Each structure stands twice: as structure tokens, then as C-alpha cells.
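Overview (structure and organization)
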Amino acid sequence: MHPPAKASTGRPKVQAGQRNDALANLADLLRTLRDQHRTNNSRLEARTGFKRQQISRAVNGQEIPSADLADALDTALAAGGAIRRLRDEAVREKRARDLGLDPSRQEEPVDANRRQAFELAAASLVAAQMYREWTSSAPDVLTLDEIDDAINAHTVAFTVEPHQRLAPKVWKTWKSAHHHLMNGSGRARPQTRLTVAAGYASYMLSRLSFNLGDTLASRRFIRLAEDHASQTDDVVLTASVGEMVTTLAFYGRRYQEAAVSARKTAVVADNPYTRARIASYEARALGALGDAEGTRAALNRMRTSVTDLPLQPGISPFGPAAAEMMYAGVLTRIGGGVEAEPIARAALAAYEGGQAGGFEDYGHALLAVAASLTAREQPEIDEAATMAGKVVDMLDTRPTASVSDRVAEIAIAFTGHPTVEPVRDFWDRWQARPRLELTTGQA
């Protein structure tokens, strides 16, 4: 005996023809999870206690389910809260559109645990299913051109657009690429081109998921990107996948694994565009391990590999300013704060003077200066806290997991100075903002 069917009262109604992207994403997720669990609406009726017609309207995107129904489906389909979060986002989107607002243009702070404009955890469940099912196929050349254009547009936007706004655009491209992989004819040349595009879209979603604090989603997307990369000879895609694997290991505090992964990537996917950044990630991991000699050797390889090649999909460009920012930041991990300070300040000047760009790297440039001021025998806490405070302001509108994690590391040095005014100001801002809950190391 299952509980009696629950009545549905007060459920937000979506007017005919009214756009609701979150509701469409919710319907996609429900259908995918229903297929994954080899169930149907009648069985879900028995498991949830809700009427089959209510479930059908939710699965078909005809109606926003009630909160109780969303919770029941979340439990029945083991969605980890993704169904409820998408349901709540659909309600917010409907209310915004009823008021004549564009939900995508709202500039409220992002709480990655409860309320993202786009639910990457839900999307990653679809990716996990796609990994099991995708088959060889190919669309026409015009469609391929459009997908390639979209990938290039995302690449240009990646370092400047807030990631919570960029994610749904990349997801749309990802769905298009994988739809054609599953439904095309399988001709060899367009098949390879489409697989590369799908691989880059999967890589971007992995990186976006990580930057927004969800390593489980990031791992799902990078596994799919890795599979796509293995089907092609695109060395930048392969290196980009390796960079993301290394990053996940590093921020999961698995430093030895991160160093080995970077070294392996440098061998199997060596190319001028990614060479310097991969070397810097090996240096970062070795620095965290306390291997001063290995760290400096990797940093020297990084410096000699820096280029100013044009922007490509995959790993972000790694020019001179990024290299010097990384050089200084890694030196502080092995106690070289005094040596690192002038290098860090020169890198920061390049970002603030417009010679280099990208909000994530700019945040790390600020933190490289802050770290150089704390990683020394006589720390300069005032200025370090001021620099960290600037980063907190940036994180309010452009949350990034790697930057948040580094702020937390550097802030340890502030704990013994509670009466210093910049320190008090930093803690007030840091504790007040809606932060990412870093899930690194848990997946």
C-alpha cells in the first residue's frame, strides 16, 4: 500500500507559450533519470504517492511540480537535490517573466549550494547517462559550423563572463553536439569534427562546474571529455582534459596525484599552446608537497615555454603575466615570499594596466601579492589583508572555487592579528558574502 495521492495546491502555472528554460531543463532531467532507473510514470506514482497525471505533466514540462512532488521525485530517482533546485529555479523564472523581467539578467549574488541560475549538478547527471549511450554519428556541415562558432564564442567569454551566466550557454552547445552524435549518419570526417566540439563543450562544463564549487559534476563532465579526446588526435583537447584532472586532484589535496597527472599530460599532449600552463600546474603540486628543487625546475620549464599564441578552445591562454603570477604564487608555497613579492607586483601591474586579462587570473595575481607578504619571517599583514579584501569583492559577482580556496589558505596568516583594521574588514566581508561551499576532495 502506498500513501494516498496528494493533492496539488498552489502550484505555479506556466502560461501557454511562456518561456521557462529551467522548467525545460527539469523535464529533460526527469526523463533521463526515469530512463536510467528503468521506470515509468505509473511506477513513480506508486513510489511517490502522487498521481500519474501530475508526474506526467512535470516530466513533459507542462507544469511546474509542487515542492512536495519535486522532493518525492528527488528521493525516488536519487537526484541528490537536483530536481528540487531546478523546480525552485523554474518558479523564480516564471515570477520574473510574469513581471516582464529577463531572469538571465538578474545580478543577485550567487549561492552555489542553493540557488544557481543553472543547475550544473542536474546537467552532469545527463552527462553521466550520455557517457554510457552515445554512438557514432554526424550532422551536416552547416550544423558543424554553427557548433564550432558557439565553442569559439564560449572560449572568448570564458575569462570575462561570470560563470553562473556562461554555464547555460555552454550546456546548450553541449546538448546540440551530443544530440547530433547520437542521431547522425556516422560519416568519418564530420564525426571526428563533431567529437572534438563535444569534447571541448564537456571540458568547459567540467571547468565551470569546478569553478562553481561542484567537483562531482566536474568529474562527470571530464570523464566524458576524456572519452571524446581519446577518439581524436586533438592534442590541445587532450592537454585540456589533463589540466582539469590535475586541477581536481590538486584542490582535492591529492598533491602527488596532481604532480604525476601534470607530468603525464606534458608527455602525451605536449604542444606550445598548453606547455607552460601544464608545467606551472606540476610546479604548484610539487610546491604543495614541499619539493623545492622539483618546484623550481618545473617553474623554469614554465618560464621558458611561455608564448603569446592566439586564443584557442580549451585551456585559457598563458602569457607572460599569467606565468609571473603563477611563478610568484608557487614560490610562496616553498617559503620564498621575499623573492616572490616583486614578481607578484609586476604581474599584478600587468593585469591592472590592461596588458593581461581574465578575472580568475586577476584574482590569483592579487593573492600572489598577498601570499608574498605573509610567507616571510616578518609578515606585512595590513597590505595582505587589503589585497585579500579586493578579491572578496570580486568573488561576490564572479565566484570561482580556485580563488576562494586560495583566499582561505592565505587568511590563515590573519588569525593572529584580530585587531588590525584591514584584517577586521576582511573577515567582515568574507563571512558576510554568500560563499561557494567547496566540495573538492569529496568526489
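In the nomenclature of an unreviewed UniProt entry, the chain corresponds to Helix-turn-helix domain-containing protein from the organism Protofrankia coriariae.

**Some remarks on the overall build of the chain**
When you go through the chain residue by residue, the secondary structure sums to 20 helices and zero strands. Within the chain, buried positions represent 55% of all 443 residues. Carbon and sulfur atoms make up 50% of the accessible area of the chain, which amounts to about 19,300 Å² in all.

**Regarding the pattern of salt bridges**
Throughout the structure, instances matching the rule amount to 28 salt bridges. With a closest N to O distance of 2.3 Å, aspartate 145 and arginine 193 form a salt bridge. Taken as a pair, aspartate 145 in helix H7 (residues 141–157) and arginine 193 in helix H9 (residues 188–211) lie far apart in primary sequence, 48 residues in all. For aspartate 145, a relative accessible area of 32% corresponds to the partly exposed category. The partly exposed category is assigned to arginine 193, whose relative accessible area is 29%. Ionic pairing is found between arginine 333 and glutamate 409, a salt bridge with its closest N-O pair at 3.3 Å. In this pair, arginine 333 sits in helix H15 (residues 320–333) while glutamate 409 sits in helix H19 (residues 401–411), placing the two residues 76 residues apart along the sequence. Classification of glutamate 409 as partly exposed rests on a relative accessible area of 24%. Taken together, the shared-partner salt bridges in this structure form one network comprising Glu341, Arg345, Arg376, Glu380 and Glu383.

**Notes on H19**
For H19, the tally of buried residues reaches nine of 11 residues, placing the bulk of the element in the interior. Turning to H19, its buried residues are Ala401, Ser402, Val403, Ser404, Asp405, Arg406, Val407, Ile410 and Ala411.

**Let's talk about the nonpolar core**
The nonpolar side chains of a soluble globular protein tend to be buried with one another. Core analysis: the largest hydrophobic core is formed by 51 residues, its most contacted members being Met302, Val407, Phe414 and Phe426. For this core, the secondary-structure elements that each account for two or more residues are helix H13 (275–289), helix H14 (292–305), H15, helix H16 (337–352), helix H17 (359–374), helix H18 (381–397), H19 and helix H20 (421–432). If we skip the residues at most four places from it in the chain, valine 407 touches Leu367, Val391, Leu395, Phe426 and Trp430. Judged by nonpolar contacts, the second largest core, of 46 residues, contains Ala197, Val236, Tyr255 and Ala401.

**Observations concerning the environment of arginine 296**
Note on placement: arginine 296 falls in helix H14. On the accessibility criterion, arginine 296 (32% relative accessible area) is partly exposed. On a C-alpha basis, the gap between arginine 296 and leucine 331 in space is 8.2 Å, while along the polypeptide they are 35 residues apart. Residues within four places of arginine 296 in sequence aside, it is in contact with Tyr327, Leu331, Ile334 and Glu339. A polar side-chain atom of arginine 296 sits 2.9 Å from a polar atom in the side chain of glutamate 339.

**With respect to helix H4 (residues 67–76)**
By the burial criterion, the buried members of H4 are Leu69, Ala70, Ala72, Leu73, Asp74 and Ala76. Taken from the residues just after H4, alanine 78 is the one with a positive phi, measuring 50 degrees.

**Comments concerning the packing of aromatic side chains**
Taken as a whole and judged by the stated rule, the model has eight aromatic pairs. The interplanar angle of 65 degrees and the centroid separation of 5.0 Å between the aromatic rings of phenylalanine 426 and tryptophan 427 together place this pair among those described as edge-to-face. A relative accessible area of 1% means that phenylalanine 426 is categorised as buried. Grouped by ring-pair contacts, the aromatic residues Phe210, Phe250, Tyr251 and Tyr255 constitute a single cluster. When the ring centre of tyrosine 281 is taken as reference, the NZ or CZ atom of arginine 284 above it lies at 4.0 Å. One residue, arginine 303, lies across the ring of tyrosine 327, its end atom 3.6 Å from the ring centre.

Cut-offs applied
- Residues numbered from 1 in each chain as written.
- Predicted model: local features only at pLDDT ≥ 70, side-chain atom pairs only at ≥ 80, totals over all residues.
- Heavy atoms only, no water.
- Helix = DSSP H or I, 4+ residues; strand = E, 2+ residues; numbered from the N terminus.
- Buried < 20%, exposed > 50% of the residue type's maximum accessible area, 1.4 Å probe, protein only.
- Areas by Shrake-Rupley, 256 points an atom, 1.4 Å probe, with all protein chains shown as cover.
- Salt bridge = Lys/Arg side-chain N within 4 Å of Asp/Glu carboxyl O.
- Core = buried A, V, L, I, M, F, W, Y, C linked by side-chain atoms within 4.5 Å.
- Contact = heavy atoms within 4.5 Å.
- Polar contact = N/O pair within 3.5 Å; in protein donor to acceptor, adjacent residues only side chain to side chain.
- Phe/Tyr/Trp six-rings, centres within 6.5 Å; stacked < 30°, edge-to-face > 60°.
- Lys NZ or Arg CZ within 6 Å of the ring centre and 35° of its normal.

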